[in-house]
Structures are given as structure tokens and as C-alpha cells.
Amino acid sequence: MSNDPLLQPYQLKHLTLRNRIIVTAHEPAYPEDGLPKERYRAYTVERAKGGVAMTMTAGSAAVSKDSPPVFNNLLAYMDEIVPWIREMTDAVHEEGAAIMIQLTHLGRRTRWDKGEWLPVVAPSHHREASHRAFPKKIEDWDIERIIKDFADAAERMKAGGMDGVELEAYGHLIDQFVSPLTNELDGPYGGSLDNRMRFCFDVLKAIRARVGDDFILGVRYTADECLPGGTGKEEGLEISKRLKQSGLIDYLNVIRGHIDTDAGLTDVIPIQGMANSPHLDFAGEIRAATNFPTFHAAKIPDVATARHAIASGKVDMVGMTRAHMTDPHIVRKIIEKREEDIRPCVGANYCLDRIYQGGAAYCIHNAATGRELTMPHSIAKADRRKKVVIIGAGPAGLEAARVAGERGHEVVVFEAANDPGGQIRLTAQSERRREMISIIDWRMSQCEKLGVTFHFNSWAEADTVQAENPDVVIIATGGLPHTEVLSKGNELVVSAWDIISGDVKPGTNVLIFDDAGDHAGLQAAEFIAKAGGKVEIMTPDRSFAPEVMAMNLVPYMRSLQKLDVTFTVTYRLEAVEKSGNELVAHVGSDYGGIAKQRTFDQIVINHGTIPLDDLYFELKPASSNLGEVLHDQLIAGRPQTAWRNADGKFQLFRIGDAVAARNTHAAIYDALRLVKDI
Ligand SMILES: Cc1cc2nc3c(=O)[nH]c(=O)nc-3n(C[C@H](O)[C@H](O)[C@H](O)COP(=O)(O)O)c2cc1C
Ligand code: SF4
């Protein structure tokens, strides 16, 4: 047996966990009608197959109707959920993993205009900044009802074959009772710590009475809100001890921080550019003080840090949650001594930011996650070895090369630049986006193992490509910054990429017109402002940088608000003129009736990219499909059979930004779903 600390089994009461790695609760927003149907099951089972000890399915499954599913949560209050839960738990158990579910009442952390349109309840009227609902102050009959709802839901989960349930007590109703900041009740549920913890214990007692002893019960709670006037560390330690002493629960799952604002949430679940494992020592302190089974997750993305978390005795079970969204087979690869093959989580937080925008969780660089019913995590070998020539070694081209290599094809990649990476190499120039380069590095090392041939500094012409005698040609040449959006003065502006790459020196009084709304605009602003420039970011949209999304915006704001940067929404840059050494910006508005003139010394435009598609159009007449992609075949996962030119010698496809400006995930998804069937 291995002596790797991560691979040692752990006895949690009657439940034997096969190793020390868990996936903590997370709602990927895959439910259909509030139920975990085939897609949800396939996602969960893939992680069990990959070897994880336990998966905590769902995040925040709702126990009551007035806990509306604000990010498409599972509805644990419905009896219909039981057979779906049963199918999932049976399938996970078959793979040797344990499975639990997190239950909650969201309290004020939701919206009244979701689900059944019931008023939101909390132990005070204070609104949560993130979800904006003004709550009703909870009444005695609400409390009784919700305690019963928790017990009913736990009973359903036990009937569905779950090994246990976890209560969510950070930012949700249970700890809204505990925290002095959100509890303004008098009497039995407000005031002293005894009173503020009463709701939590009433819920735990009601659940225990229903599910009995042979069912795991845990609490995921904040042991330090890190907010003035909130639950501090000292009280958090006391709460931890009381939870243990209650004899009602089997483990503690430690959180540090608060999640009522985007900034608070981002400190609890740090993203790229922020420190790894920031709360691990704190979790270790709780374990030392309580001597009780302790779980913890917060940006422990790599095996070495996870191993340290266990070996140092800081925690009993280590959560690698986003890491498993990126690679569901982490444990299997550890066992097979293939740690270097683990696809790294780069902390891009595309997964989590999407669910807060009402979308499903997708991983920025694993397009199979959440699409297990149609996209493979392990690529099958092709029946016939083909010659695949790929032009461009950005994310799309490299994913195409990796997948074609896994298929067993002979793969040749041409790249005009010195190095692979395309736009990712540029974006990784910012210190906080440095982790993005792992998207490229992992693919390069996989391609090397697969014997892919690379030609860097090679500007591929149609002749070069045809001389390779390819069966398939994939154009992944990306795009060039698109700045020609003005009625006049396009030649006077520079692109956000010019600034980020260092090709153009930052100005001192700069307008950034950003209607792409992605990272490049903010990155350029930061480069300029850090160099001492004054920057105004202007957008015609209702809010700035909408593609960056909530948690990704936090580190930018922490930086930009300290610099000389302002934001102007709802105005459009229409034209630019030169006047002496200055540039005059003509500014209008989509709402009409506005014509302003402003003066700057540099004007930057961020308007996405325009496809670099010359080679594609040159090759098109010589191809057998004339570039055509049959969408039905692409979506159904069947090989492409378009045949439009009898003289054509090869199939030709184009992917990523070489088709149209999109994002990294779209580029990688384009590549995976096309090439897995080539
Ligand atoms: C898409 C997504 C949804 C999440 N939803 C929940 C949730 O409902 N409840 C919860 O306690 N944590 C939730 N989390 C937080 C994770 O459990 C975990 O604490 C967090 O991702 C940090 O761990 P990691 O760095 O290993 O990913 C969610 C995380 C993700 C990525
Ligand atoms: S989107 Fe980013 S943070 Fe989320 S799982 Fe993928 S790599 Fe990790």
C-alpha cells in the first residue's frame, strides 16, 4: 500500500473514506426542474470514477420554498427528488466513493423574484449586497417551519441513499442567526451566543431525530467572519467547540470570511493571482483546538499543497473542488504516479462567475466538465491514423493538437510566433493572470508526450500546408485587435493589446474605450495607471467590463481604485481628431442627443479581435469540404462528412477566434468537439 498521506483511508464514524481528497459542496447549476438528472449524475459520477474519496454533491440544496434557487439549486423540498438522488448515489457508490449533499436555507442570500416569488426571510431587515433582496424579519412560525423543512429534506436524502448531509452556515440563514451583524431578534433566537446558536442546534437536533446515528452530519461554517462587529476568531473557536460538544455532528468544515459581497466571497474562494491555501493554517488551528474531524477547501489547487495539508495534520480531509472541475481524475493520476498529467486549475473562476450570472458552471480549459454526456474526459483512439496539420498554437490550436495526438494521429503544428500561447501568453503578462499560462504549458507537455511536431517562427503559407500532404487542416490562427470602430480617426488610436504587450508606451492622460468588456480593457488600464497615467474607461454599456464578471472583477477593483482610474458608463466614442499634440475625442451616447468633446494624449480601443483568416480562405478551394462544418454532426458528436469538392485533398476546419472573437473556453470547446471525432 502507498505511504502517500493523501492516499490513506480515513474513518469518519462508520464511513470509511478511501483517501483524503474530497470535492466540497458546489452547485454547478446543472439541475433540470430542480432535480439532479442525467447531466448532473454524469458530472458527479465522473469524479467518483476519478478516485475522489467523497463528493459533496450540490451546493446549497434548498430545504424550503422561501429559499429560492438563485443559482439553479437542487430543490431538496420536493419528494420527486428522491429517485433522482437514489440513481446518483447508487452510481457513485458503485465507483467506490462516498456521497453527501449540502442542505441549506439561503435566508437573505437569494432573490424574491425566483422560484415561488415568496418574500425572503432573515433574522433582520439588512439586505445582502450581492443578491439585493430586502428580507422580511423572520417570525416564530417561519422558524418552526424551516426547522421541520430541514429535517424533512435530510430524511429525503437518507431515503435517496446519501451517506450524510452537511449544513451550510456561512452567509446563509443558519449563520445569519449566529452573526451579530445579521441577527436583530430578541428572545430565544437573538442576543447571546447561546440564543444566536439556538436555531443551528434546533435544526441539527431535528435532523438527528429523523435520520438516526448511522448517517453523517456535518456543518460548513465560518469560524471568523473577518468583519468588524461580526463573528470573530475567538467566538468562532467557541462556536467550533460547541458544535463538537453538541454530539450532534461528525465533522467540522471550516470557512474563514464572509460572502455577502463579491469581495468577501473572493477572499473565501480566492481566484488566480491571489495566494494559495490562505485559510489552511486557520483550519489547522480549529482542528488543534477541537481535536475533531476537520475538512477544509480554499484554493488548494495542486497535489503538493493538498499533501502538505494532510501530512502536516492541519486537516483530515482536503477539498480540491475546482481542481476536480478541471481534472476529475486527480486521484487516479496520483495513484498511477502521473501527477504531471493532471490538468491544472488556473483559478480563472470562469466556473463560479458563470453561476452567479445565471449560467451553468464550465471550466475555462476543460470543455468536457458539465458536458460529460457528450464530451469525453479521456479521448478514444481513432480507427485510422491521419495526418493533421494545425496552424496556430494558441489555446484552440493546442487543444486541437492535444486531442488529435490522443486520437493517435500524426500532428504537425505551425506557429508564427517564437512561443506558443497566442492571446493567453499576452494576458499572462499581468502578474495576477500569470496562472493562465498553465493552460498552455499543460497542453505543450501533453503534446510533447504524444509526439506532436511543432514549427515555431513559421508563417505557414498555403503551399507549406499542402506540402505536408495532410488529411485534415485546422486553422487556429486567432485574431488581431479590432480597433476600426470610429467614423473618423481610426489611425489615431491604439489597441488594448498594444499596451499589454508593451508595443506601445502608455500615455499620461488616456481614454480607454472598452466595448468588448473583457479582461484586456482592465489590464490595459492597470498597465497605464501603474505607469503613472490618468485613465478613464468609457463604455456604451450599462456596466463596465461585463465579460470579466463578479469575482474576477474584485482584484482589478482593489488595484484600480487605488490608482488614477475612473469609469464612465453609457457613453460611446464616435470619432477622434488630432489637435496639436492632443487627441480630441468626440463622445456620443446610444441614448441620443449627446455630443461632447474631450481631450486626451492617448486613446485605446478594446473591441475584441478580427479573425486572422487569410490562410483559411486561401486553402478553402483546395479542400474537400470547402471549409464547411456540419453543425448537426458537430453537435451530435459524429465525424464531419461534408463533401463539396471532388478534387479536394484534405478536410479544412477553422476554430476559435479565427472564426469570430469569443473567449478561451469557446476556443477550447471548438477544438475538443471537432477533433474528438476526427
Ligand atoms: C461552481 C461552484 C459552486 C459552489 N457552490 C457552493 C455552495 O453552494 N456551497 C458551498 O458551501 N460552497 C460552494 N462552492 C465553494 C466550494 O465548495 C469550495 O469551497 C471552493 O470552490 C474553494 O475550494 P477550491 O479552491 O478547492 O475550489 C462552490 C464552488 C464552485 C466552483
Ligand atoms: S474555470 Fe478556472 S477556477 Fe474554475 S475549475 Fe476551471 S481552471 Fe479552475
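None of the values given here were measured: they were computed from a predicted structure.

What counts and what doesn't
Residues numbered from 1 in each chain as written. Chains lettered and ligands numbered in written order. Predicted model: local features only at pLDDT ≥ 70, side-chain atom pairs only at ≥ 80, totals over all residues. Heavy atoms only, no water. Near = heavy atom within 4 Å. Helix = DSSP H or I, 4+ residues; strand = E, 2+ residues; numbered from the N terminus. Nonpolar A, V, L, I, M, F, W, Y, C, P; charged D, E, K, R; others polar. Salt bridge = Lys/Arg side-chain N within 4 Å of Asp/Glu carboxyl O. Buried < 20%, exposed > 50% of the residue type's maximum accessible area, 1.4 Å probe, protein only. Polar contact = N/O pair within 3.5 Å; in protein donor to acceptor, adjacent residues only side chain to side chain. Areas by Shrake-Rupley, 256 points an atom, 1.4 Å probe, with all protein chains shown as cover. Phe/Tyr/Trp six-rings, centres within 6.5 Å; stacked < 30°, edge-to-face > 60°. Lys NZ or Arg CZ within 6 Å of the ring centre and 35° of its normal. Pairing = 2+ DSSP bridges. Expected span 1.5 Å × (residues − 1). Axes fitted to C-alpha atoms, helices over the stretch in contact; angles between N-to-C directions. Contact = heavy atoms within 4.5 Å. Lys, Arg positive; Asp, Glu negative; His and termini not counted.

## Observations concerning the site of ligand 2
Part 1 of the reasoning: Neighbouring ligand 2 are Arg-322, Met-325, Thr-326, Cys-345, Val-346, Gly-347, Ala-348, Asn-349, Tyr-350, Cys-351, Cys-363 and Ile-364.
Part 2 of the reasoning: Of all the secondary structure elements, the ones that give two or more residues to the shell around ligand 2 are α11 (321–326) and α13 (350–355).
Part 3 of the reasoning: With 3 residues, α11 is the largest single contributor of residues to the shell around ligand 2.
Part 4 of the reasoning: Of the residues assigned to the shell around ligand 2, the class counts are 8 nonpolar, 3 polar and 1 charged.

## Here we look at the pattern of salt bridges
Part 1 of the reasoning: If you walk through the whole model with that rule in mind, you get 49 salt bridges.
Part 2 of the reasoning: In this structure, the salt-bridge partner of Arg-196 is Glu-235, at a minimum N-O distance of 3.1 Å. You can see Arg-196 sitting in helix α5 (residues 193–196) and its partner Glu-235 sitting in helix α7 (residues 233–245), a full 39 residues away along the chain.
Part 3 of the reasoning: Taking the relative accessible area as the measure of exposure, Glu-235 reaches 21% and is therefore partly exposed.

## Notes on the site of ligand 1
Part 1 of the reasoning: Taken together, 20 residues lie around ligand 1, and Ala-25, Ser-60, Tyr-170, Arg-220 and Lys-299 are the ones closest in.
Part 2 of the reasoning: Arg-220 has a polar side-chain atom sitting 2.7 Å from an oxygen atom of ligand 1.
Part 3 of the reasoning: The contact in question runs from an oxygen atom of ligand 1 to an N or O atom on the backbone of Lys-299, over 2.7 Å.
Part 4 of the reasoning: Contact with the protein chains removes 96% of the 600 Å² of surface that ligand 1 exposes when unbound.
Part 5 of the reasoning: Of all the secondary structure elements, the ones that give two or more residues to the shell around ligand 1 are β4 (54–62), α11 and α13.

## As for the packing of aromatic side chains
Part 1 of the reasoning: Scanning all chains against the criterion turns up 10 aromatic pairs.
Part 2 of the reasoning: An angle of 80° between the planes, with centres 6.3 Å apart, marks the rings of Tyr-30 and Tyr-40 as edge-to-face. Of this pair, Tyr-30 sits in the loop between β3 (21–23) and α1 (38–49) while Tyr-40 sits in helix α1, placing them 10 residues apart in sequence.
Part 3 of the reasoning: Here the aromatic rings of Phe-177 and Phe-199 are separated by 4.3 Å at their centres, their planes lie at 20°, and the arrangement is stacked. Here Phe-199 lies in helix α6 (residues 198–211) and Phe-177 lies in helix α4 (residues 173–178), a separation of 22 residues in the sequence.
Part 4 of the reasoning: Here the aromatic residues Tyr-30, Tyr-40 and Tyr-43 are joined through ring pairs into a cluster of three or more.
Part 5 of the reasoning: Sitting over the ring of Tyr-362, Arg-371 keeps its end group 3.9 Å from the ring centre.
Part 6 of the reasoning: Between Arg-654 and the ring centre of Tyr-616, over which it is positioned, the NZ or CZ distance is 4.2 Å.

## Things to note about the pairing of strand β9 (residues 216–222)
Part 1 of the reasoning: Of all 7 residues in β9, 7 are buried, a share of seventy percent or more.
Part 2 of the reasoning: Here β9 shows a buried face lined by Ile-216, Gly-218, Arg-220 and Thr-222 and a second buried face lined by Leu-217, Val-219 and Tyr-221.
Part 3 of the reasoning: As paired elements, strand β8 (residues 164–169) and β9 share 6 bridges and run parallel to each other. Its bridge partner being in β9, Leu-167 is matched across the sheet by Val-219.
Part 4 of the reasoning: As paired strands, β9 and strand β10 (residues 251–255) are joined by 5 bridges and run parallel to one another. The residue of β10 that forms the bridge with Tyr-221 is Val-254.

## Comments concerning helix α14 (residues 395–406)
Part 1 of the reasoning: The end-to-end C-alpha distance of α14, which contains 12 residues, comes to 16 Å, matching closely the 16 Å that a straight helix rising 1.5 Å per residue would cover.
Part 2 of the reasoning: For α14, the tally of buried residues reaches 11 of 12 residues, placing the bulk of the element in the interior.
Part 3 of the reasoning: Along α14, the positions that sit buried rather than exposed are Pro-395, Ala-396, Gly-397, Leu-398, Glu-399, Ala-400, Ala-401, Arg-402, Val-403, Ala-404 and Gly-405.
Part 4 of the reasoning: Backbone geometry just downstream of α14 places Gly-408 in the positive-phi region, at approximately 95°.

## Thoughts on the sheet that holds strand β22 (residues 572–579)
Part 1 of the reasoning: The strand order β22-β23-β24 describes an open sheet built from 3 strands, whose pairing is antiparallel. The open sheet has two edge strands, β22 and β24 (596–600), and neither has a second partner. Strand-to-strand twist of the sheet, defined as the mean angle between neighbouring strand axes without regard to direction, takes the value 30°.
Part 2 of the reasoning: Sheet topology places strand β23 (residues 582–588) next to β24; 5 bridges connect them, and they run antiparallel. Across the sheet, the residue bridging to Ala-585 is Arg-598, located in β24.

## Looking at the sheet that holds strand β21 (residues 565–569)
Part 1 of the reasoning: The strand order β18-β25-β19-β20-β21 describes an open sheet built from 5 strands, whose pairing is parallel. Since the sheet does not close on itself, it has two edges, and those belong to β18 (494–495) and β21, each with one partner.
Part 2 of the reasoning: Examined bridge by bridge, β18 and strand β25 (residues 602–606) share 2 bridges and lie parallel to one another. Residue pairing for β25: Ser-495 is matched across the bridge by Ile-605.
Part 3 of the reasoning: Against the sheet, helix α19 (residues 519–530) engages β19 (509–514), β20 (534–539), β21 and β25, with an angle of about 175° to β19.

## With respect to the side chain of Asp-175
Part 1 of the reasoning: Relative to the helices and strands, Asp-175 resides in helix α4.
Part 2 of the reasoning: Despite being buried, Asp-175 has no salt bridge partner; Arg-108 is the closest side chain of opposite charge, sitting 7.9 Å away.
Part 3 of the reasoning: Those residues within four positions of Asp-175 in sequence are excluded, and the remaining contacts are Ala-169, Tyr-170, Thr-182 and Thr-222.

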